[in-house]
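Each chain, written out:
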Amino acid sequence: MEKFYKQLIENNREWVRSKTENDPEFFSRLANGQKPPLLWIGCADSRVPANEVIGAQPGEVFVHRNIANMVVHSDMNMLSVLDFAVNALEIQHVIVCGHYGCGGVKAAMDNRSIGLIDNWIRHIKDVYRFHHKELDVIQDDKERFNRFVELNVIEQVHDLAKTSIVQNAWNKGQNLMLHGWVYDVKDGLVKDLNISLKNNKSLAEVYQLEF
Ligand code: CO
């Protein structure tokens, strides 16, 4: 255990060496500030590291992660990240990235209580309820699980669009696009679900804010 922990510091020193070897100004440039063009909202799963998946260097992507890449409209953490990303950093793209094999989504298909997290998983169960007609007819468990992962991402992209932060930015004419992706832990490839949004027109009327 001690050895493992010490190794982390050594790994850090090695990482700094590799970054500065051919680019001695690497860290001093970053110290001047950040202007990433992109916000990533992904799962906390250790197999889905935001930067690595899209080949982004430090300074290139603003990141929020939680269990099952959820956009919960009362989550102050998510709202604060989103507000800062949209209004201070003026990012142009938000990617919600789910992943096949997501433990949070799997738990939402099950009825077994697993403790406090049941209350978080509840939001994912709501997605199942909205789409139960489509999901219930899929006979193959694996196939149903995969489709549930995709539908969850689609719902979270729409939930992002419903926020006052995103609708206010669109109303001001800010260039902001929302995207939904699914990452496959088996081969490392992302799939664009082609549900990108750049205005609130596809939302049910009741969610469309007027300013
Ligand atoms: Co996950």
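The rules behind each value
Residues numbered from 1 in each chain as written. Predicted model: local features only at pLDDT ≥ 70, side-chain atom pairs only at ≥ 80, totals over all residues. Heavy atoms only, no water. Helix = DSSP H or I, 4+ residues; strand = E, 2+ residues; numbered from the N terminus. Buried < 20%, exposed > 50% of the residue type's maximum accessible area, 1.4 Å probe, protein only. Contact = heavy atoms within 4.5 Å. Domains from an automatic or database assignment. Buried area = accessible area lost by both parts, 1.4 Å probe. Salt bridge = Lys/Arg side-chain N within 4 Å of Asp/Glu carboxyl O. Polar contact = N/O pair within 3.5 Å; in protein donor to acceptor, adjacent residues only side chain to side chain.

Visitor: Mind laying out unusual backbone geometry, listing which residues take part and the relevant values?
Guide: Leaving glycine out, the prevailing phi sign among residues is negative, and the prevailing peptide bond configuration is trans. Phi at Ala68 is positive, roughly 70°, even though this residue is not glycine. In this fold, Ala68 is placed in the loop between strand E2 (62–66) and helix H4 (76–88).

Visitor: I'd like to hear about helix H9 (residues 164–171), residue by residue, with values.
Guide: Looking only at H9, the buried set comprises Ile165, Val166, Gln167, Ala169 and Trp170. Close packing links the buried residues of H9 with H4, helix H8 (141–162) and strand E4 (177–183). The positive-phi residue at the C-terminal boundary of H9 is Gly173, with phi of around 85°.

Visitor: So what's going on with the domain arrangement of the protein chain? Which residues, and what values?
Guide: Often, the extent of an interface is quoted as the loss of accessible area upon association of its parts. You can read the domains of the protein chain as domain 1 (1–33) and domain 2 (35–207). Computed from C-alpha coordinates alone, the two centres of domain 1 and domain 2 are separated by 30 Å. Contacts between the two partners involve 5 residues from domain 1, matched on the other side by 4 residues from domain 2. Where domain 1 abuts domain 2, roughly 270 Å² becomes buried across the two surfaces, and 64% of that area is made up of carbon and sulfur atoms. Looking at the side of domain 1 facing domain 2, the largest losses of area belong to Lys19, Phe26 and Leu30, adding up to 78% of the total buried there. The interface formed by domain 1 and domain 2 holds 0 salt bridges in total. Linking domain 1 with domain 2 are 1 residue pair in polar contact (both at pLDDT 80 or more), by the criterion used here.

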